[in-house]
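A look at the structure
Take a look at the letters that make up each chain.
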Amino acid sequence: MTELVPPSPDLYDSWLAAEEDFGDEHRDGSGAFGGRESTERSSYDLMVAQRLAEGDPATPMPEDRVHCTYLWMVEDGEFVGYLAIRHSLTPFLLEEGGHIGYSVRPSRRREGHATRALALSLPVAASLGIDRVLVTCDEDNAGSRRTIEKNGGVFEDVRRGKRRYWIAVGSSVG
Ligand SMILES: CC(C)(COP(=O)(O)OP(=O)(O)OC[C@H]1O[C@@H](n2cnc3c(N)ncnc32)[C@H](O)[C@@H]1OP(=O)(O)O)[C@@H](O)C(=O)NCCC(=O)NCCS
């Protein structure tokens, strides 16, 4: 069953296999903005440390970036996908990016990982003080749309080709 765990040096081998699997695809929720990561072991360890630091509110961030908690989807100790929870919304994230992004390695899609991972991430978002989680997807992304709707996403509108959904998670809910 899918679990969410912090990025870890221990996941290198299965992460490496997943990176090969992703190829040139964009990895939503990976935190890799400059294209593919270097797959060298030393770069991996540095990347893991950087991702963990980004979740710490004490870490200084560039002006246009918000703190972000990265959690990796694993099953049976093997990396299967990325998930990221942005702690707050910039104007861009409010319009298009949302709080939570994710991607599942291509060979492990349609096994329910994204649905379970998004469900597992919602209490984490609540623990970060987020009351309503914004999740978005491209209009033609049937898999992500279904993932969001199965997690109770309430459709608001489409902006710049992105379907925008809200999921209430905070302590004021219910
Ligand atoms: C979108 C994505 C995250 C879905 O991950 P996944 O683990 O395959 O999703 P799940 O197995 O939990 O499937 C969720 C639902 O979507 C459906 N689904 C998944 N992929 C689908 C597709 N390509 N077309 C139609 N339906 C799809 C599943 O059947 C399931 O619905 P069901 O329970 O009614 O059968 C995955 O395809 C992916 O990583 N895509 C690239 C990155 C991306 O688009 N990220 C989201 C950015 S918003």
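In what follows, the structure referred to is the one given above.
1. Side note on the side chain of Glu 19
Topologically, Glu 19 is positioned in helix 1 (residues 12-22). Excluding residues that lie within four positions of it along the chain, Glu 19 makes contacts with Arg 27, Arg 36, Glu 37, Thr 39 and Tyr 82.

2. Section: the sheet that holds strand 5 (residues 132-138)
If you trace the three strands from one edge of the open sheet to the other, you get 5-7-6, paired in antiparallel fashion. Since the sheet does not close on itself, it has two edges, and those belong to strand 5 and strand 6 (154-159), each with one partner. Across this sheet, the average inter-strand angle for adjacent strands is 25°, counted without regard to direction. One ladder, built from five bridges, connects strand 6 with strand 7 (residues 162-168); its direction is antiparallel. Residue Arg 159 lies in a different strand from strand 7, and its bridge partner there is Lys 162.

3. Some points on the site of the ligand
Residues in close proximity to the ligand total 20 residues, the closest being Arg 110, Thr 115, Asn 141, Arg 146 and Lys 150. Measuring from an oxygen atom of the ligand, one finds a backbone N or O atom of Arg 110 at 2.6 Å. In the model, an oxygen atom of the ligand is placed 3.0 Å from a nitrogen or oxygen of the Ala 114 main chain. In the complex, the protein chains occlude 74% of the 910 Å² of accessible area that the ligand would expose alone. Spatially, the ligand is embedded in the largest pocket.

4. A look at the sheet that holds strand 1 (residues 3-5)
Taken in spatial order, the four strands make up an open sheet running 1-2-3-4, and their pairing is antiparallel. Both outer strands of the open sheet, strand 1 and strand 4 (100-104), are each paired with one neighbouring strand and no more. Each neighbouring strand pair of the sheet contributes to a mean axis angle of 25°, computed without reference to strand direction. Here strand 2 (residues 68-75) runs beside strand 3 (residues 78-86); their pairing, made up of eight bridges, is antiparallel. Each bridged residue has a counterpart across the sheet, and for Val 74 the counterpart in strand 3 is Phe 79. Contacts between helix 1 and the sheet are confined to strand 2, strand 3 and strand 4, with strand 3 contributing the most and set at about 80° to the helix.

Analysis parameters
- Residues numbered from 1 in each chain as written.
- Predicted model: local features only at pLDDT ≥ 70, side-chain atom pairs only at ≥ 80, totals over all residues.
- Heavy atoms only, no water.
- Helix = DSSP H or I, 4+ residues; strand = E, 2+ residues; numbered from the N terminus.
- Contact = heavy atoms within 4.5 Å.
- Pairing = 2+ DSSP bridges.
- Axes fitted to C-alpha atoms, helices over the stretch in contact; angles between N-to-C directions.
- Near = heavy atom within 4 Å.
- Polar contact = N/O pair within 3.5 Å; in protein donor to acceptor, adjacent residues only side chain to side chain.
- Areas by Shrake-Rupley, 256 points an atom, 1.4 Å probe, with all protein chains shown as cover.
- 1 Å grid on protein atoms, 1.4 Å probe; cavity = no way out; pocket = protein on both sides within 12 Å on 5 of 7 lines; lining within 4 Å.
- Sits in = over half its atoms within 2 Å of the grid points.

So, to be careful, I would describe these as geometric facts and stop short of saying anything about function.
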